[in-house]
Amino acid sequence: MEDRRQIAHIHIPKCGGTTITSYLRRILGPDQVAHFGRREETAEFTRTPRQDFDRRRSVGGHIPYPQLFSKFGDSRLYFTTIRDPFDLFVSFYQDVSTRESHPLKNDAMRMSHLEFLDHVSSANLLPPQIYYFTQNNALDEALQLVSAWAIHVEILPRLNGFLNELAAYLGARHRALPHANQSKKLDLKDEDLLRAAVKRHYAIDYALYDLVGSTPRRTLERAPPR
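Okay, so let's go over this structure.

Rules used throughout
Residues numbered from 1 in each chain as written. Predicted model: local features only at pLDDT ≥ 70, side-chain atom pairs only at ≥ 80, totals over all residues. Heavy atoms only, no water. Helix = DSSP H or I, 4+ residues; strand = E, 2+ residues; numbered from the N terminus. Rg over C-alpha atoms; globule rule 2.2 N^0.38 Å. Buried < 20%, exposed > 50% of the residue type's maximum accessible area, 1.4 Å probe, protein only. Contact = heavy atoms within 4.5 Å. Lys, Arg positive; Asp, Glu negative; His and termini not counted. Charge placed at Lys NZ, Arg CZ, Asp CG, Glu CD. Arc of directions from axis to C-beta. Phe/Tyr/Trp six-rings, centres within 6.5 Å; stacked < 30°, edge-to-face > 60°.

## Here we look at the overall build of the protein chain
- Secondary structure assignment for the protein chain yields 11 helices and five strands.
- For 226 residues, the compact-globule estimate of 2.2 N^0.38 gives 17 Å, and the C-alpha radius of gyration of the protein chain, at 18 Å, lies within 12% of that figure.
- If one aligns the C-alpha atoms of the protein chain with their principal axes, the spans along those axes are about 60 × 35 × 35 Å.
- Counting only residues that meet the buried cut, the protein chain has 48% of its 226 residues in that class.
- When contacts within the protein chain are restricted to residue pairs at least 6 apart in sequence, long-range pairs at least 24 apart make up 74% of them.
- On the protein chain, the mean spot of the 31 positive side-chain charges and the mean spot of the 27 negative ones are 5 Å from each other.

The following block contains the structure:
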């Protein structure tokens with residue numbers, strides 16, 4: 001009998017989600033993976049009936065857990081990866097400042113790194129990673145989801161091992177996949193000041209990252225029905 005285990009990928013921006021999506025398409029086949037990244041695509045996800053996703057082994061995108069769960073309930077394994085908040089901001093800034101089509105490029109070009117950080121955090125243009133767990137930035141609620149393994153969470157430095165586990169869970173053969181982000185390291189001015197500012201703006205993400213990074217993750221399996 002064919003194993004039809006299904007997964008839901010909470011793709012937090014700048015947390016390895018493009019690499020994960022490419023990997024899943026490689027081990028499962030492109031037609032088995034639905035991914036919603038842009039804003040108009042996430043709106044399409046909301047409009048699409050659940051049964052239209054039934055044949056897809058993997059569904060995900062920049063969609064918070066509550067929205068995914070309201071669509072799929074307990075039928076899928078939910079997972080995500082999180083990243084050191086400073087590294088995430090640097091990656092975000094580099095993407096914004098080098099991509100001509102990015103709507104924030106002009107802001108990044110006319111502001112210092114510190115000014116840009118203040119701008120995107122205060123305007124919620126770069127939401128905390130924890131937003132994708134609860135949509136209300138509640139640390140206790142996010143930790144409860146993690147401890148109950150409603151969401152399987154891994155830190156980005158351990159991505160390769162996690163992909164191996166994911167392939168085994170899906171009954172697929174693990175295949176090596178290089179990291180998709182090959183960009184040069186950004187030359188930062190006042191790095192110490194910037195690190196301190198990121199820690200101030202995204203303290204809740206540091207708390208989540210430190211806890212996940214120091215806690216052994218459970219073997220991949222769906223959480224018990226609620």
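Structure shown, so let's carry the discussion forward.
## Topic: the side chain of His9
- Relative to the elements of secondary structure, His9 occurs in strand β1 (residues 7–10).
- With residues near it in sequence (within four places) discarded, His9 still touches Gly17, Ile20, Thr21, Val59, Gly60, Gly61, Leu68 and Phe79.

## Some words on helix α6 (residues 113–122)
- Of the positions making up α6, those classed as buried are His113, Phe116, Leu117, Val120 and Ser121. Around the axis of α6, the buried residues are gathered within 120 degrees of arc, so they sit on the same side.
- For α6, the secondary structure elements touched by its buried residues are α4 (85–98), α5 (105–110) and α10 (191–201).
- Downstream of α6 by one or two residues, Asn124 has phi in the positive range, about 60 degrees.

## Notes on the packing of aromatic side chains
- If you walk through the whole model with that rule in mind, you get 14 aromatic pairs.
- Ring plane angle 85 degrees and centroid distance 5.9 Å describe the contact between Phe36 and Phe53, whose orientation is recorded as edge-to-face. Taken together, the residues span a long stretch of sequence, with Phe36 in strand β2 (residues 33–36) and Phe53 in the loop between α2 (39–47) and β3 (58–61) at a distance of 17 residues.
- The class of Phe53 is buried, set by a relative accessible area of 5%.

## Describing α10
- Along α10, the positions that sit buried rather than exposed are Leu194, Ala197 and Val198. Along the axis of α10, the buried positions cluster into a sector of 100 degrees, meaning they face one direction only. Opposite the packed face of α10, turned more than 90 degrees from it, sit the exposed residues Asp192, Leu193, Lys199 and Arg200.
- Here the buried face of α10 lies against α4, α6 and α11 (203–214).

These figures come from the coordinates and say nothing about function on their own.
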